[in-house]
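Inside the fold
So you can see what is in the structure, the chains are spelled out below.
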Amino acid sequence: MKFTAVTRKAQGTGASRRLRRAEKLPGIVYGGKVAATPIELDHNEIFHALRKEKFHASILEMVLDGKSERVLLRSFQMHPYKPQVLHIDFQRISADEQIRMNVPLHFVGEEKSPAITIDKTNVNHALTELLVSCLPDQLPEFITVDLSGLTVDKPVHVSDLVLPEGVTPVLKPEEDPLLSLLKKASLTKLLPFRLTPFLLQQKNPLRKAQKRLNLISFRLLKMYAAEICGVFFYP
């Protein structure tokens, strides 16, 4: 992905505030053999780029004062409640130096796995991204995790991943995290403990459960409304 930036001359809190009012975004680019450089960018361009997964986990091309540089997005700061980026940081990279980057995990084949079709389990993804080390040209946009062979007896670990050439996961010694967790769906675990004995005796426990839970929700809402009215009208 490609974007444009210019060197930022005015610095400080006041200067950054003026830039934001002009729909510009203050930032900085650092790394390599060049000193850290304050920059300013078009806010709307970066705001929409941040919505794309590729912008967070791939090599970016930044045209700074007409000169192209390869950079990585390292961090950014958002306004607490406004749709506004306050500050952004980029790191220069060199083609012959290893980099570390969190790469998104894309899970596929889950619905065809024996864990779903036979064992009727629920699959929860323990990780959504993986920290890897590689050269810049070897950095993948994402890593595909094939869950089509997932079973209760054989969960998927990081060591089971087929990574691109030159890409290695950054892990502690003897560490092999789980990528997906399996949990058996159970009626007794999904229902409140007071309802379980009653519902298991019914011909259609799920329908009875829905009716009973709806009744409980209505009663709780009624009690809450009465309490609110008491606060406002009976201080």
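Up top is the structure.
In this report, the structure presented in the accompanying data block is examined. (Residues numbered from 1 in each chain as written. Predicted model: local features only at pLDDT ≥ 70, side-chain atom pairs only at ≥ 80, totals over all residues. Heavy atoms only, no water.)

**Regarding the nonpolar core**
Cut-off, in case you're wondering: Here, the term nonpolar core denotes a set of buried Ala, Val, Leu, Ile, Met, Phe, Trp, Tyr and Cys residues that are joined through side-chain atoms within 4.5 Å. Working definition: with a 1.4 Å probe on protein chains only, accessible area under 20% of the residue-type maximum means buried, over 50% means exposed, and in between means partly exposed. Helix numbers and strand numbers start at the N terminus; a helix is a DSSP run of H or I with at least 4 residues, a strand a run of E with at least 2. Whether two residues touch is decided by their heavy atoms; if any such pair falls within 4.5 Å, the residues are in contact.
In this structure, Leu-139, Val-145 and Leu-179 are the most contacted members of the largest nonpolar core, which totals 23 residues. Residue assignment for this core shows that the elements contributing at least two residues are β7 (99-108), β9 (129-134) and β10 (143-146). The element that contributes the greatest number of residues to this core is β7, accounting for five residues. Contact partners of Leu-179, with chain neighbours within four places excluded, come to Leu-105, Phe-107, Asn-124, His-125, Ala-126, Leu-127, Val-145, Val-156, His-157, Val-158 and Leu-161.

**Some points on helix α1 (residues 13-21)**
Note the following rule: The directions from the helix axis to the C-beta atoms are what the arc is built from.
Among all positions of α1, only Ala-15, Ser-16 and Leu-19 are buried. Viewed along the axis of α1, the buried residues span an arc of 100°, placing them on a single side of the element. Away from its buried face, by an angle of more than 90 degrees, α1 presents the exposed residues Thr-13, Arg-18 and Arg-21. In this structure, the buried residues of α1 make contact with β2 (24-30) and β3 (37-42). At the C-terminal side of α1, Glu-23 shows a positive phi close to 60°.

**Let's talk about the sheet that holds strand β6 (residues 85-92)**
Selection rule: Any two strands between which DSSP finds at least two bridges are classified as paired. Here, axes are lines fitted to C-alpha atoms. For helices the fit covers the stretch in contact, and angles between N-to-C directions go from 0 to 180 degrees.
The strand order β1-β3-β2-β6-β5-β4 describes a closed barrel built from six strands, whose pairing is mixed. On average, each strand axis in the sheet is tilted by 45° relative to the strand beside it, whichever way the strands run. Here seven bridges tie strand β5 (residues 67-78) to β6, and the two strands are oriented antiparallel to one another. Of the residues in β6, the one forming a bridge with Gln-77 is His-87.

**So, unusual backbone geometry**
Although it is not a glycine, Asp-65 adopts a positive phi angle of roughly 55°. Locating Asp-65 in the fold gives a position in the loop between β4 (60-64) and β5. In this structure, Glu-174 takes a positive phi of about 65° despite not being glycine. With a relative accessible area of 87%, Glu-174 lands in the exposed category.

**So, the sheet that holds β7**
Spatially, four strands are ordered β10-β7-β9-β11 in an open sheet, and the strand pairing comes out mixed. The strands lining the two open edges of the sheet, one partner per strand, are β10 and β11 (168-169). In the sheet, β7 pairs with β9 via six bridges, with the strands oriented antiparallel. Along β9, the bridge assignment pairs Ile-99 with Cys-134.

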